Amino acid sequence: MPLLDLNKLSNGLSKTWTGYLRDWDRTLRSASHPETTRYNYLLAAAQLARYLAEYSPDLEADDAADDPCEVTRAHIEFFQAWMIETRSGATALNKHKGLQQFFKWLELDEQDIDRSPMERVKQPKPQKKLIAVIRDDDIKKVLGTCKGKDFVQLRDEAIIRLYYNTGARLSEVGNLSLEDLNQDTDSVHYHGKGNKDRRVRYGPKTARAISR
């Protein structure tokens, strides 16, 4: 099932917003942007449109909720503040980057606005959180659920060990094919975010799990 469903993403938005999002997605696809990038960009714009229609404290936000060409710097700043309050600074920063690309496209490609409302809008500063490293005892418990010789158990152990041993992303392991595994060199070819490929070595326990 594809990640990006444009009909679902634009559900409830005005015809003008929906039309712009479809046109922008076509431009992104023609530039070979990966689906995850397109989804994050389009989601940011769609969330802004919904915020303007439902949550904005600006009594004059109706025009912007109907047409992205009417969005102002104040609308963006209110939206970012709302994202920080209801989600997080990191999420707000992600939306900021997506909206930068959207309004850049509106200004330079479509030439439907003279200036981007993102000009002089400061990037949110996400709080840095130290991510706890999973303990060996916890890894043993997870691997303990894979004991057995059935296909599903052998498969799950190989997948878990790949994550643990190589530090790969969820999508990188999930999208692997047999051709990406080299059992002669005990290495795996990952297709990373932004079409950045890399080859990573793994240890003997992971190699054994993959072989089984």
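Here the structure is a predicted model, which means the values were calculated and not measured.

## Details of the overall build of the protein
Line of reasoning, step 1. Scanning the protein from terminus to terminus reveals 10 helices and 3 strands.
Line of reasoning, step 2. Listed by position from the N terminus, the elements making up the protein come as α-α-α-α-α-α-α-α-α-β-β-β-α.
Line of reasoning, step 3. Relative to the globule expectation of 17 Å for 212 residues, the C-alpha radius of gyration of the protein, 22 Å, shows a markedly less compact shape.
Line of reasoning, step 4. With respect to the three principal axes, the spread of C-alpha positions in the protein is 65 × 35 × 30 Å.
Line of reasoning, step 5. In the protein, the share of contacts with a sequence separation of at least 24, taken over all contacts with a separation of at least 6, comes to 55%.
Line of reasoning, step 6. Surface exposure of the protein reaches about 13,800 Å², of which carbon and sulfur atoms provide 48%.
Line of reasoning, step 7. Seen as two clouds, the 34 positive and the 32 negative side-chain charges of the protein have centres 10 Å apart.

## A look at a nonpolar patch on the surface
Line of reasoning, step 1. Judged by side-chain polarity, V133, I134 and Y164 come together as a nonpolar surface patch covering roughly 320 Å² of accessible area.
Line of reasoning, step 2. Looking at where Y164 falls in the secondary structure, it is placed in helix α8 (residues 151-166).

## Points about the side chain of S116
Line of reasoning, step 1. You can see S116 is positioned in the loop between α6 (89-109) and α7 (136-144).
Line of reasoning, step 2. The class of S116 is buried, set by a relative accessible area of 11%.
Line of reasoning, step 3. Of the polar contacts made by the side chain of S116, one reaches the backbone nitrogen of M118; its length is 3.0 Å.
Line of reasoning, step 4. When sequence neighbours within four positions are dropped, the list of residues in contact with S116 reads F103 and E107.

## Digging into the side chain of S187
Line of reasoning, step 1. As for its placement among the helices and strands, S187 is situated in strand β2 (residues 187-191).
Line of reasoning, step 2. Of the polar contacts made by the side chain of S187, one reaches the side chain of T185; its length is 2.7 Å.
Line of reasoning, step 3. When residues no more than four places from it in sequence are discounted, the contact partners of S187 are D180, L181, N182, R199, V200, R201 and Y202.

## Describing the pairing of strand β3 (residues 197-201)
Line of reasoning, step 1. Pairing between β2 and β3: 5 bridges, direction antiparallel. The partner of V188 across the bridge, within β3, is V200.
Line of reasoning, step 2. Count of turn residues in the β2/β3 antiparallel hairpin: 5 residues, of which G194 carries a positive phi of about 70°.

## Section: the pattern of salt bridges
Line of reasoning, step 1. Taken as a whole and judged by the stated rule, the model has 10 salt bridges.
Line of reasoning, step 2. With a shortest N-O distance of 2.9 Å, R155 and D156 are connected by a salt bridge.
Line of reasoning, step 3. Here R155 falls in the partly exposed class, since its relative accessible area comes to 36%.
Line of reasoning, step 4. You can call D156 partly exposed: its relative accessible area is 25%.
Line of reasoning, step 5. Across the salt bridge formed by R212 and E157, the nearest N and O atoms sit 3.9 Å from each other. Of this pair, R212 sits in the segment after α10 (204-211) while E157 sits in helix α8, placing them 55 residues apart in sequence.
Line of reasoning, step 6. Judged by relative accessible area, E157 falls into the buried class, the value being 15%.
Line of reasoning, step 7. Shared partners join several salt bridges into a network, and the residues in it are D25, R29 and R38.

## Looking at the environment of E119
Line of reasoning, step 1. Here E119 shows up in the loop between α6 and α7.
Line of reasoning, step 2. Looking at E119, the relative accessible area reads 31%, which means it is partly exposed.
Line of reasoning, step 3. Each C-alpha atom of the pair E119 and N175 lies 38 Å from the other, and the pair is 56 residues apart in sequence.
Line of reasoning, step 4. Of the polar contacts made by the side chain of E119, one reaches the side chain of R115; its length is 2.6 Å.

## Here's the deal with the nonpolar core
Line of reasoning, step 1. Membership of the largest hydrophobic core comes to 36 residues, with the highest contact counts inside it found for W17, W24, L48, L52, L99, F102 and F103.
Line of reasoning, step 2. If you list the elements that add at least two residues to this core, you get α1 (6-9), α2 (15-30), α3 (35-54), α4 (62-66), α5 (73-86) and α6.
Line of reasoning, step 3. Here this core takes 10 residues from α3, the largest share from any one element.
Line of reasoning, step 4. Setting aside its immediate chain neighbours within four residues, L52 contacts W17, A61, A64, A65, V71 and H75.
Line of reasoning, step 5. V188, Y190, V200 and I210 belong to the second-largest nonpolar core, a separate cluster that totals 11 residues.

Criteria and thresholds
The residue numbers shown here count from 1 along each chain, following its written sequence. The model is predicted, so local features are restricted to residues of pLDDT at least 70 and side-chain atom pairs to those at 80 or more, both for listing and for counting; the totals for chains, interfaces and linings are taken over all residues. Hydrogens are left out, water is left out, and the side-chain values use all remaining heavy atoms of the structure. Only DSSP runs of H or I reaching four residues or more are called helices, and only runs of E reaching two or more are called strands; each is numbered from the N terminus. All radius of gyration figures rest on C-alpha atoms, and the globule criterion is 2.2 Å times the number of residues raised to 0.38. Contacts were defined at the residue level, with two residues in contact if any of their heavy atoms lie within 4.5 Å. Only the protein chains shown count as cover for residues, and all accessible areas are computed by the Shrake-Rupley method using a 1.4 Å probe. Charged residues are defined here as Lys and Arg on the positive side and Asp and Glu on the negative side; His and the ends of the chain fall outside this count. For this purpose, a charge sits on NZ of Lys, CZ of Arg, CG of Asp or CD of Glu. The patch calculation keeps residues exceeding 30% relative accessible area without a salt bridge and links them within 9 Å when they carry like charges or within 5 Å when they are nonpolar (Val, Leu, Ile, Met, Phe, Trp, Tyr). The working definition used for a salt bridge is a side-chain nitrogen of Lys or Arg within 4 Å of a carboxyl oxygen of Asp or Glu. The classification of residues rests on relative accessible area computed with a 1.4 Å probe and restricted to protein chains. Under 20% of the type maximum is buried, over 50% is exposed, and intermediate values are partly exposed. For the purposes of these results, a polar contact is taken to be a pair of N or O atoms within 3.5 Å, where, inside protein, one atom must be able to donate a hydrogen and its partner to accept one; residues adjacent in sequence count only when each atom of the pair is a side-chain atom. Any two strands are treated as partners once DSSP identifies two or more bridges connecting them. Here the nonpolar core consists of buried residues drawn from Ala, Val, Leu, Ile, Met, Phe, Trp, Tyr and Cys, with membership extended through side-chain atoms lying within 4.5 Å.

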